Amino acid sequence: MTRMKPAVLLVSLCLFLIPATRSALAGKTQPITMSLPAAALHQTISALLPLPITLQGQGKQFEGKISIDSISKLTIGDNLIGLQGQVSGTDMKVTTNIGGQNIQLKVGKLVLPVTCDIALRFDREKKILYCKPQFHNPLNGKNNSAQTLLPLLNSLSDRWYKVPLEKLTPLHGKVGTQTVSVQMEVIDVQAGKDRLVFKFLPIAGKK
């Protein structure tokens, strides 16, 4: 099956977050709430485009490079992010079996407008954010692009992907001559009313 690196479409959230760490003092600290509007998320993701989708598995049936080229619309609903945009494939090759023989067809560059719904789920016990994409063709087309790219994109929808919050950079600042490092432990993530809401427990220390 095709696999996409975890949270390809949500990796831009990392620009707004600070890495999660554990601390014995965290339970004594009041949580901080941060609200991220859909417009801010849309602008940030657009600045990162094109975003590649890594193909793994699929045997030798499909070859090529797939990327998300543009996002024309982004909405945030009840633990769901909706996207409309364009996906393209370059150097695409499809291997089919005809009469017991494998024949490779070179289809070159493909462009496909799609919609994508990304379901969100936060595990409060493990402090892990998961996402699950589901791609659709808004035109319901049966052209060559749809027939080749949609099966690849749809195969990404069979599992939940972890958002790598632990890889984010902490926030550092100067207080006099001291460098203060502020890290955050994510304790909740919710989506709704066209915004993402994060709750953190701050952990400060000297560096």
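Residues numbered from 1 in each chain as written. Predicted model: local features only at pLDDT ≥ 70, side-chain atom pairs only at ≥ 80, totals over all residues. Heavy atoms only, no water.

## Considering the pairing of strand 6 (residues 128-136)
Looking along a regular strand, one sees the side chains alternate between the two faces of the sheet. Note the following rule: At least two bridges found by DSSP between two strands are what make those strands a pair. Counting from the N terminus, the helices are DSSP H or I runs at least four residues long and the strands are E runs at least two residues long.
Bridge analysis of strand 5 (residues 101-123) against strand 6 gives 9 bridges, and the strand direction is antiparallel. Within the sheet, the bridge partner assigned to Asp 123 lies in strand 6 and is Ile 128. Here strand 5 folds back onto strand 6 in antiparallel fashion, the turn holding 4 residues, of which Lys 127 has a positive phi close to 60°. Here strand 6 runs beside strand 7 (residues 161-162); their pairing, made up of 2 bridges, is antiparallel. Among the inter-strand pairings, Cys 131 is bridged to a residue of strand 7, identified as Tyr 161.

## Points about the nonpolar core
Heads up, the rule is: Here, nonpolar core refers to any group of buried Ala, Val, Leu, Ile, Met, Phe, Trp, Tyr and Cys residues whose side-chain atoms link them within 4.5 Å. Buried residues are those whose accessible area, probed at 1.4 Å on protein chains only, stays under 20% of the maximum for their type, while exposed residues exceed 50% and partly exposed ones sit between those limits.
Ranked by internal contacts, the top residues of the largest apolar core, which has 44 residues, are Leu 41, Ile 66, Leu 74, Ile 76, Ile 81, Leu 153 and Leu 196. Here the element with the most residues in this core is strand 5; it accounts for 7 residues.

## Structural notes on unusual backbone geometry
Backbone torsion omega between Leu 49 and Pro 50 reads 0°, so that peptide bond is classified as cis. Within the element layout of this structure, Pro 50 appears in the loop between helix 1 (38-48) and strand 2 (51-53). Even without being a glycine, Asp 194 presents a positive backbone phi close to 65°. Mapped onto the secondary structure, Asp 194 falls in the loop between strand 9 (178-192) and strand 10 (195-206).

## Here's the deal with the packing of aromatic side chains
Heads up, the condition is: A pair of Phe, Tyr and Trp rings is counted when the ring centres sit within 6.5 Å of each other, with Trp represented by its six-membered ring. The angle between the planes then sorts it: under 30 degrees is stacked, over 60 is edge-to-face, the rest tilted. Charges are assigned to positions over rings by a cutoff of 6 Å between ring centre and Lys NZ or Arg CZ, combined with an angular limit of 35 degrees from the ring normal.
The final tally for this structure, using the stated rule, is 1 aromatic pair. Look at Phe 198 and Phe 200: their rings are 6.1 Å apart centre to centre, the planes differ by 20°, and that puts the pair in the stacked class. Residue Phe 198 is classed as buried on the basis of its relative accessible area, which comes to 1%. The class for Phe 200 is buried, based on a relative accessible area of 4%. Lying across the ring of Tyr 130, Arg 121 places its NZ or CZ 4.5 Å from the centre. It is Arg 121 that lies over the ring of Trp 160; its NZ or CZ is 4.8 Å from the centre.

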